[in-house]
Amino acid sequence: MQNSDRHVANKQSLYRALQEIAEAAASELPARLASVSTADAQWRMSHPLNEMTGRDQALETVWLPLKRALPDLERRDLILIGGDYQGRDYVAAVGHYCGTFRHDWLSIPATGRPVFLRYGEVYEVKDGKIVQATCLWDILDLIRQAGFWPIAPSLGTEGHWAGPITGDGVVLTATDPGQSAASIAQTLAMHKTLGDYNDLDGRGRQGLLDMPQKEYWHPKMMWYGPSGIGTTRGLQGFVDYHQLPFRLAFPNRKGGGQWTEKDVAASAKKGGHYIRVGDGPYSVTGGWPSVMAYHGGGSFLGVGATDRLVTMRVMDFYLHHEGLIRENWVPLDILDLLMQMGVDVIDRMQSHFNRGRM
């Protein structure tokens, strides 16, 4: 089977299977998971779910509790793409799980109302089955929808993420290999400008506006950030509401392509990118973790400088449109980052979650 045929088959089969898992009755979930994942598949989830090995553990820890909390669960993909990197096949998606929040989940009180659990997911596929799942679910955003806010106000705009302006994000057919290669090449070239920039040279806001990144972003760019950071529009919005405060807090952080053996040793984590894929006008990168930084430059998310080494679980999905990067969706495990900064959000919220209860 040619690469393009294999990737199309992977995308089509996972698209159907993941929809079926979301909509299956609890009694059907074991069979649904078995049909699409190996028994010893590794599952990497957002905090507080974190890492687990084996389909049975994922069933008990992730899927059954989620299904109980949102009995009418359904999956709504905004983007679904695929490809290969370093000899591994991947399918990656961004979207929202939707359902009525009927029962508490992860101690978050049920609201009885519709909620949207935002996700970025990357699945490594071998012989048609998932062998590794990396799922960044925006649990902080679910806390927000439940009526609680445990950190400083977001600088960007909170709320539902929009799908691609082109309306073609679910890519279930073969795409042009040349376009796919150009998409991921453009992403990595933009990443290089971010990595090459020196945050300590005193250029401030104007330096970020003038740096070579501006050659890659569309004038109407959208940057969809996780809850806690929010969504921004245009290069100026991106700089003012995310990039400048982020770089002030974490000067000269290292992204997916910059990690060295020394960095791995310092963080005690094997960081960098595990995926770099282009699929037509889309691309995706991600690491577990993909960013390493010292939180020594200032406040971030309302937490003052901790002088701690932190890492960040991040994915980036991109739409390449009109020759430039038009949109960027950024799942990021904010709760895990805050834990490393000394703030346990779930624990902090218990007195609020339990208010009025015996």
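Located above this text is the structure these notes cover.
Residues numbered from 1 in each chain as written. Predicted model: local features only at pLDDT ≥ 70, side-chain atom pairs only at ≥ 80, totals over all residues. Heavy atoms only, no water.

**Student:** Mind laying out the pattern of salt bridges, listing which residues take part and the relevant values?
**Tutor:** Applying the stated rule across the entire model yields 18 salt bridges. Between D199 and R247 there is a salt bridge whose closest N-O contact spans 2.7 Å. One end of the pair, D199, is in the loop between α5 (177-196) and α6 (204-210); the other, R247, is in helix α7 (residues 234-249), and 48 residues separate them in sequence. Counted as one network, the salt bridges with shared partners bring together R118, D138, D141, R144 and E158. (Salt bridge = Lys/Arg side-chain N within 4 Å of Asp/Glu carboxyl O. Helix = DSSP H or I, 4+ residues; strand = E, 2+ residues; numbered from the N terminus.)

**Student:** Describe helix α1 (residues 3-23), and please don't skip the residues or the numbers.
**Tutor:** The end-to-end C-alpha distance of α1 is 30 Å, a good match for the 30 Å that 21 residues give at a rise of 1.5 Å each. All of the buried residues in α1 are H7, V8, N10, K11, L14, A17, L18, Q19, I21 and A22. (Expected span 1.5 Å × (residues − 1). Buried < 20%, exposed > 50% of the residue type's maximum accessible area, 1.4 Å probe, protein only.)

**Student:** Give a detailed account of empty space enclosed by the protein, specifying residues and quantitative values.
**Tutor:** Any space left empty among the atoms is revealed by the rolling of a water-sized probe across them. Going through the model one piece at a time under the given rule, you end up with one cavity of 30 Å³ or more. If you add up the space inside the largest cavity, you get close to 110 Å³. For the lining of the largest cavity, the elements supplying multiple residues, two or more each, are β5 (114-126), β6 (129-137), α4 (139-145) and α9 (334-340). (1 Å grid on protein atoms, 1.4 Å probe; cavity = no way out; pocket = protein on both sides within 12 Å on 5 of 7 lines; lining within 4 Å. Points joined across faces, edges and corners; volume = space filled by probe spheres on them.)

**Student:** Lay out the pairing of β5 in plain terms, naming residues and giving numbers.
**Tutor:** In terms of residue burial, β5 counts as a mostly covered element, since ten of its 13 residues are buried. In this structure, strand β4 (residues 88-100) lies alongside β5, joined through twelve bridges in antiparallel fashion. Its bridge partner being in β5, Y90 is matched across the sheet by E124. Note: β5 against β6, eight bridges, orientation antiparallel. (Pairing = 2+ DSSP bridges.)

**Student:** Lay out unusual backbone geometry in plain terms, naming residues and giving numbers.
**Tutor:** The omega torsion across H47 and P48 is 10°, close enough to zero to call that bond cis. As for its placement among the helices and strands, P48 is situated in the loop between β1 (37-45) and β2 (51-53). The residue after W288, namely P289, is reached through a cis peptide bond having omega -5°. Tracing the chain through its elements places P289 in strand β10 (residues 282-294). In this model, N252 sits at a positive phi of 55°, which is unusual for a non-glycine residue. Structurally, the position occupied by N252 is in the loop between α7 and α8 (261-267).

By themselves, these figures tell us nothing about what the structure is for.
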